[in-house]
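These are the residues of each chain, in order.
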Amino acid sequence: MARFPLPPGSTLGILGGGQLGRMLALAAARLGFDVAVLERDADSPAGRVAAHTLVGAYADPVALEQLAALASVVTYEFENVPAEAVLTLQRLGVDCAPGPEALAVAQDRVSEKQFLNASGVATVAFASADDADEAVAAATQMGAPLLMKTRREGYDGKGQRWVEHAAQAGEVFRALGSVPVILEAPADFVRELSIIAARGRDGATAVYPLAENHHEGGILRRSLAPARVSPALADEAERIAARILKGLDYVGVLGIELFEMRDGRLLVNEIAPRVHNTGHWTQDGCEVDQFEQHIRAVAGWPLGPTAAVARVEMLNLLGDEADAWARLAREPETRLHLYGKREAKPGRKMGHVNKLKAL
Ligand code: AMP
């Protein structure tokens, strides 16, 4: 078993080889760690900056054994890691952070909302349905319009559809693939905010200033941070983050998506047990960014300071927008982050820019 704090020179494992894994690997390298990435694709954004790439499925027992032989601690860049992969790694003596309980809660939208409500954190009203008849019954009881989402594996607005009339719920259920779903009451929000929070192995916590987020077609387009919010709202977001971190006995960085409601309340939309796209602004806007913070937390190091040093507008570069890199590189206030993806598909996250403004 790993001894903490993990000294530089140790190897950290990351399940997943996308851009979040890449930026985690770069942060880990800066602190003197080696990174081993487990990823299906031999040529991944994270793999190309890591010391080791193991090619395989996340639940591949041979790949997990190889990872366990290299890494003292394993973390992940996305939440849909199969539970069996984490349990296998733990059986092989590897410390996994965040732990399997946090992953299980975040992987299922119903468990997530049940956990939040039981922790005293407000969400929209919701119901679950396992078949078309249950979906119609739930929609009739709650009243339309409603947002129906698959309980598992939705991201970037995929796996969700509006139900305009209760009678339509069966049809929408089938359109989503006839898998277990959650039905959510519409949130009457004025803004979408998020808070990036961290908890260390010693239970210490740290939160970043809130970000204000704008989506297009279900994909994050732009974050503005620190968001202009009242001190009372910032306090409330911190209280929410503290409850979630403690309730999950969490280790690492966690993204919490919030709705700022018309009546002033803050509701949690969802939590992501990982570094988060709405936290990319911290790379150029904060003393210690979310990627270093996550590495510090999982390695048992002290958490770093989270204060803002600049105001940032973060813009995702989707599809061929990253082709403008030469122009963007000429802008003195723009920090360019490119993910090294070989192929630009429409809507694919190819990079982002952080545009700096005075605080
Ligand atoms: P999600 O996949 O849950 O993060 O949802 C993606 C986006 O859909 C959110 O960022 C919101 O813009 C919108 N959304 C999600 N849930 C609700 C809801 N219950 N009411 C209104 N809008 C929602």
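Quick look at the structure, then. Since the structure is predicted, the reported quantities are computational estimates derived from the model, not experimental observations.

Angle between the axes and distance between the axes: these two values describe a pair of packed helices. Here helix 1 (residues 19–30) crosses helix 10 (residues 290–298) at 65 degrees, and the two axes come no closer than 8 Å. One element, helix 1, and the other, helix 10, form an angle in the roughly perpendicular class. As for how helix 1 packs across helix 10, the hand of that crossing is right-handed. Here Leu20, Met23, Leu24, Ala27, Ala28 and Arg30 of helix 1 come into contact with helix 10, specifically with Phe291, Glu292, His294 and Ile295. Among the residues forming the contact of helix 1 with helix 10, the class breakdown is seven nonpolar, one polar and two charged.

Before going further, it helps to spend a moment on the pairing of strand 15 (residues 266–272). Summarising burial for strand 15: six of the seven residues are buried, a large majority. Sheet analysis places strand 14 (residues 252–261) next to strand 15, joined by six bridges and oriented antiparallel. Looking across to strand 15, one finds that glutamate 257 is bridged to glutamate 270. Counted between consecutive antiparallel strands, the loop separating strand 14 from strand 15 contains four residues, among which glycine 264 sits at a positive phi close to 95 degrees.

The next point concerns a negative patch on the surface. Taken together, Asp130, Asp131, Asp133 and Glu134 make up a surface patch of like negative charges. Considering the arrangement of structural elements, one finds glutamate 134 in helix 6 (residues 132–142).

Turning our eyes to something else, we now look at the packing of aromatic side chains. In this structure the tally under the stated criterion is three aromatic pairs. With centroids separated by 5.2 Å and ring planes inclined at 55 degrees, the aromatic side chains of tyrosine 58 and phenylalanine 78 adopt a geometry described as tilted. Placement of the pair is tyrosine 58 in the loop between strand 3 (52–55) and helix 2 (61–70) and phenylalanine 78 in the loop between strand 4 (73–76) and helix 3 (83–91), with a sequence separation of 20 residues. Here phenylalanine 189 and phenylalanine 259 contribute two aromatic rings whose centre-to-centre distance is 4.8 Å and whose plane-to-plane angle is 0 degrees, an arrangement assigned as stacked. One end of the pair, phenylalanine 189, is in strand 10 (residues 189–199); the other, phenylalanine 259, is in strand 14, and 70 residues separate them in sequence. Across the ring face of phenylalanine 4, the terminal group of arginine 201 is positioned such that the distance to the ring centre comes to 3.8 Å.

Moving on, we get to the nonpolar core. If you look at the biggest cluster of nonpolar residues, it comprises 40 residues, and the most contacted ones within it are Leu12, Phe33, Val35, Trp281, Phe291 and Ile295. Of all the secondary structure elements, the ones that give two or more residues to this core are strand 1 (11–15), helix 1, strand 2 (34–39), strand 10, strand 13 (219–225), helix 10 and strand 16 (311–318). For this core, the element with the most residues is helix 1, which contributes six residues. Mapped onto the domain boundaries, this core takes at least three residues apiece from domain 1 (11–96) and domain 3 (189–357). In contact with valine 35, other than residues within four places in its own chain, are Thr11, Leu12, Ile14, Ala25, Ala28, Ala50, Ala51 and His52. Core analysis: the second largest hydrophobic core is formed by 26 residues, Ala102, Phe115, Leu116 and Ala241 among them.

Thresholds applied
Residues numbered from 1 in each chain as written. Predicted model: local features only at pLDDT ≥ 70, side-chain atom pairs only at ≥ 80, totals over all residues. Heavy atoms only, no water. Axes fitted to C-alpha atoms, helices over the stretch in contact; angles between N-to-C directions. Helix = DSSP H or I, 4+ residues; strand = E, 2+ residues; numbered from the N terminus. Parallel < 35°, antiparallel > 145°, perpendicular 65-115°, else oblique. Left-handed = near helix turned anticlockwise from the far one by under 90°. Contact = heavy atoms within 4.5 Å. Nonpolar A, V, L, I, M, F, W, Y, C, P; charged D, E, K, R; others polar. Buried < 20%, exposed > 50% of the residue type's maximum accessible area, 1.4 Å probe, protein only. Pairing = 2+ DSSP bridges. Patch = residues over 30% accessible without salt bridge, like charges linked within 9 Å, V, L, I, M, F, W, Y side chains within 5 Å. Areas by Shrake-Rupley, 256 points an atom, 1.4 Å probe, with all protein chains shown as cover. Salt bridge = Lys/Arg side-chain N within 4 Å of Asp/Glu carboxyl O. Lys, Arg positive; Asp, Glu negative; His and termini not counted. Charge placed at Lys NZ, Arg CZ, Asp CG, Glu CD. Phe/Tyr/Trp six-rings, centres within 6.5 Å; stacked < 30°, edge-to-face > 60°. Lys NZ or Arg CZ within 6 Å of the ring centre and 35° of its normal. Core = buried A, V, L, I, M, F, W, Y, C linked by side-chain atoms within 4.5 Å. Domains from an automatic or database assignment.

Read these as layout, nothing more, since geometry by itself doesn't imply function.
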